[in-house]
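Spelled out from the first residue to the last, the chains are:
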Amino acid sequence: MIGSGAPEVGDVPTCSRAGCRNAATVTVNWRNPHIHSLDRVKVWLACDEHSAYLHDYLAARDFPVVLAPLGTPVESVPSPAPALS
Ligand SMILES: [Zn+2]
């Protein structure tokens, strides 16, 4: 911890994007289908600016991902439908 003199603000969740200090507004709920079972949900936090970035980052790896408003729990992340080419 680096003492900056700023008061501790423990209640404000911040964006998971590296280097971003914005307050999170969205949860990015995802699962790696290769190692996680269906009832497992990993949760990242995102600000408005980065929710799409984080979604696409996971979707590009073929991980199922669901965005939800902060405070709305997501109990499972269904696998995406097979892509049609
Ligand atoms: Zn952000």
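For the structure itself, look to the data block above.
Note that the structure is predicted; figures quoted are calculated from it, not measured.

Draft legend 1. The arrangement of helix H1 (residues 51-59) in detail. Those residues of H1 lying buried are Ser51, Leu54 and Leu58. Take H1 and look down its axis: the buried residues cluster within an arc of 70°, on one side only. In this fold, the buried residues of H1 make contact with strand E1 (26-30), strand E2 (42-46) and strand E3 (65-69).

Draft legend 2. Representation of the sheet that holds E3 within the structure. On the basis of which strands lie adjacent, the open sheet formed by 3 strands has the order E2-E1-E3 and antiparallel pairing. Of all strands in the sheet, those with a lone pairing partner are E2 and E3, marking the two edges. Averaged over all adjacent pairs, the angle separating strand axes in this sheet is 25°, with direction ignored. The pairing of E1 with E2 spans 5 bridges and is classified as antiparallel. Following the sheet pairing, Val28 is matched in E2 by Trp44.

Draft legend 3. Seen up close, the nonpolar core. Ala24, Val28 and Ala46 are the most contacted members of the largest nonpolar core, which has 13 residues in total. For this core, the elements supplying multiple residues, two or more each, are E1, E2 and H1.

Draft legend 4. Layout of the environment of Ala24. Mapped onto the secondary structure, Ala24 falls in the segment before E1. Given 21 C-beta atoms within 10 Å, Ala24 falls into the buried group. Along the primary structure Ala24 and Pro69 are separated by 45 residues, whereas in three dimensions their C-alpha atoms are 9.4 Å apart.

Reading the values: rules and limits
Residues numbered from 1 in each chain as written. Predicted model: local features only at pLDDT ≥ 70, side-chain atom pairs only at ≥ 80, totals over all residues. Buried ≥ 20, exposed ≤ 12 C-beta atoms within 10 Å, placed from the backbone. Helix = DSSP H or I, 4+ residues; strand = E, 2+ residues; numbered from the N terminus. Arc of directions from axis to C-beta. Contact = placed C-beta atoms within 7 Å. Pairing = 2+ DSSP bridges. Axes fitted to C-alpha atoms, helices over the stretch in contact; angles between N-to-C directions. Core = buried A, V, L, I, M, F, W, Y, C linked by C-beta atoms within 7 Å.

In short, the description is geometric, and any link to function would need to be established separately.
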